[in-house]
Amino acid sequence: MEKFGFNKVSNHPTSPSQPKITHNIHIPHPQLPARAHADQNVRKQLIVSNSPGNDVVVANCVAVNPGDFAHVPNKSPVILDGVIVYSIAKDDRMKPGFIGLAANMRSWGKYSYDQAVHVESYDIFKSGQQQQYLGAVDLSIDFVKQKANASPLNHDELVSNFHQKYDNQILQPTQVIYMELHGVYYCVKVESVQVIDVNTKDNLPSFQDSSDINTKGILIKSSDVVFYPYEGSKIAINKSKSLKSRIFGGGASESRHRTRKQIINPDFKLEDLGIGGLDAEFQDIFRRAFNSRILPPEIAEKLDYKHCKGLLLYGPPGTGKTLIARKLSKMLNGKEPKIVNGPEMLSKFVGASEENIRNLFKDAEAEYKQKGEDSDLHVIIFDELDSVFKQRGSGKTDGTGVGDNVVNQLLSKMDGVDQLNNILIIGMTNRLDLIDTALLRPGRFEIQIEIALPDEKGRKDIFAIHTKKLKDNGLLTKDVNLDELSILTKNFTGAEIEGLCNSAKSHAISRHTKKGSLAQIDSSSIADMQITRNDFLLALNDIRPAFGTDEEDLTSQAKHGIIQFNSTIRHIFEKGQSIIDVVRSSESETLRSMLLYGPPGVGKTAIATTLALNSDFPFIKLLSAETLVGMGEAKKIQEIDNTFRDVHKSPLNVLVIDKIENIINYNPIGPRFSNDVLQVLMVYLTKQPPKGRRLLIIGTTSQYSVLKHMNLTDSFNDVIPVPPIKNFEEAGKVLDRLGFMTAEDRHEILRQLSQYEINIGVKSLIDVLMVSQYSRDSVDEVVANIVEKMNA
């Protein structure tokens, strides 16, 4: 057989997984190899030559002339060109000034014959730390020359042979070694290593996995060594017993459980993610998605615990779904995640969309075929999942059938005949209802976590995250109160809070621009810039919540407040407050609805919006006829559907449905109305909210008898009449509350009104008084206007 110095390596494996020793495993103190003497450092420039013999090649050493390294012990480590480390073999067959490198070494270092290489003594402990020992090594193996019908190799024997020959040598990822066993020569590649530090302060070993060539460590007797076949190799390895043993020198073994690689850093803390208000969601994700993957394989097998393959995050835009997926991918110790936007999967070419899906799984399939359950975790992140994987046969695709084929392709890859157990797909969507139901069953996206709007505590946490650097740098004034800001930002998403903080910064910067210029900063004052409470209050005018209803919009419905001109109005508020308390506290009554009815102008909308604001619920939504103007029937139904989906975004929600008769397109001439819209309202008014959600619905109408004939009033739990002003004393309370004219004028107005039968809504009366005030009408003209309004 020719010398290995002339042989070439043709196979190139994919990188295998990185087995890991976890913190709960006892690590014996290794038998440390002798160090090279620091004072015997040698630096030389040698010429590349071939290795003098196979004995040097299979010893994984570089050959040098004894005279070139006269004062350096044999087998001492040297480093080539500051990158590659080998042990030297002093060999008289080598000419002075030359270094013998086998073909595998030349190929790895990209060296050619007669090339000059810098060789220097290497001390792996020069940093003074004992963290350069290998806890685990992953190796790929193949024949140097292919053999037909070769018998399976025994893994324990491979490991024992490797330890006997290479213990105390320094190994590093991507290194290629020629190894001999029973007269057969094998090509072995170091795919990854795990470096351990056995001298930590807390006496617990720490671990670092790496596939980087710059990572170096000493192979010791207690190092875990695992062999896998090269991709495409005909080698078969029998691992029936080897994965339950630790190999020591001389082939001795000690029975133990093989540890699974730790997919999450044990020192991980939620605070490190920089995500606020989602602690409960993260704990749910860890429990359901990762518990099975941190168990030792033997225990998981006994439990018959199936790994989660799909995690679906859904909720309104801006609540942090993409951020969670991004942070999750960074804290996992698996392969580099593949991040895909849904629409990127689609192609105009026939079959290309399905091919794009298959390509996402190729690496995971290849590694699982090679390593099985020892494979690394492959994470695929799908953003905008609903844009691609819609309901099959729904007609919501482009009509080509590509959408259905893409769904089918993903279904088969996630849980088809050839199942993969080394994948985790994280999907994100704003519309869970659009996704094909087959993807939502167990075995696919079985874990569905709603990322809802943050509550008050969550908003404070998010503010704390986005203002932390300002506070640390002394740029935040003491009057900035995060508790206050979290109260003022109801219905805000995390993204909107971030936008609010950026807007506050822009207001602060604007104070330090030069007068008369928009684009020049005053360098003399910018160093003293600080973000104040007022900056955040100004920013609230710039950033509006996309979900729910802005409190200013609700407050505008009752500009003059609620005037309790009689006891009935007070009783309405007492009744409304009791219903709010029921929704807030009752275990069973998670949905309550009340209908306020009365003639136009009696203040139904003002009462409804005031009750909603007084509820102090975090999510308030207003559905009115004004928001549906110009929409066709189908569009209006879709908008109502979206509104009712929105009001389940928070644990406590209020929906105000104003002027229901207008929403259903009621027209007294005919009469006519939209039955489809009516049916949608009737269904949603009685539909129970999801688990953990509570909903209060407050409706208003001026056509009670019409709604009663339609049976719509039966969909409300409480139907409450709102009375108009019936006498001049009640009208007097309104005038006094508004401070209308002088006391003498108010007395005269009431004296004249006492001659009439009063019947006017409080809103209508306020409208008349405001117009009269700006018109500077006399007392007689005010009374005439009020009487005209009553007779209209």
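Note on numbering: residues in each chain are counted from 1, in written sequence order. It should be noted that, the model being predicted, local features are given only for residues of pLDDT at least 70 and side-chain atom pairs only at 80 or more, the latter also being counted only at that level, while totals for whole chains, interfaces and linings use all residues. Excluded from the side-chain calculation are hydrogens and water; included are all heavy atoms of the structure.

Under the annotation held in an unreviewed UniProt entry, the chain carries the name Vesicular-fusion protein SEC18 and is attributed to Lodderomyces beijingensis. Its UniProt record gives the chain the following Sequence similarities (unreviewed entry) comment, quoted word for word: "Belongs to the AAA ATPase family." UniProt positions are given in the numbering used here, feature names are shortened, and annotations may be inferred rather than shown by experiment. Reading the Function (unreviewed entry) entry of the UniProt record for the chain gives the comment "Required for vesicle-mediated transport. Catalyzes the fusion of transport vesicles within the Golgi cisternae. Is also required for transport from the endoplasmic reticulum to the Golgi stack. Seems to function as a fusion protein required for the delivery of cargo proteins to all compartments of the Golgi stack independent of vesicle origin."

The subject of this paragraph is unusual backbone geometry. In this model, Lys75 sits at a positive phi of 70°, which is unusual for a non-glycine residue. Working definition: helices are DSSP H or I runs of at least four residues, strands are E runs of at least two. Numbering for both runs from the N terminus. For Lys75, the position within the fold is in the loop between strand E2 (61–64) and strand E3 (77–80). Non-glycine residue Glu384 carries a positive phi angle of around 55°. Mapping Glu384 onto the fold places it in the loop between strand E20 (378–383) and helix H8 (402–415). Since its relative accessible area comes to 33%, Glu384 is described here as partly exposed. Any residue under 20% of the maximum accessible area for its type is buried, any over 50% is exposed, and the rest in between are partly exposed; the area is computed with a 1.4 Å probe on protein chains only.

Before going further, it helps to spend a moment on the sheet that holds strand E18 (residues 310–314). Paired through their backbone hydrogen bonds, the strands of a sheet run either parallel or antiparallel. Ordered by their spatial adjacency, five strands build an open sheet running E19-E20-E21-E18-E22, and the pairing between neighbours is parallel. A strand with exactly one partner marks an edge of an open sheet, and here the two such strands are strand E19 (338–341) and strand E22 (447–450). Neighbouring strand axes in the sheet, compared pairwise and without regard to direction, differ in orientation by 15° on average. Between any two strands, pairing holds if DSSP finds at least two bridges. Bridge count between E18 and strand E21 (residues 423–429): five bridges; the pairing is parallel. Among the inter-strand pairings, Leu311 is bridged to a residue of E21, identified as Ile426. Contacts are assigned to residue pairs that have any heavy atoms within 4.5 Å of one another. Axis definition: a line fitted to C-alpha atoms, over the contacting stretch in the case of helices. Angles run 0 to 180 degrees between N-to-C directions. Together, E18, E21 and E22 form the strand contacts of helix H4 (residues 279–294), whose direction differs from that of E22 by roughly 165°. Each of E19, E20 and E21 touches helix H7 (residues 352–371); the most contacted strand, E20, lies at about 165° to it.

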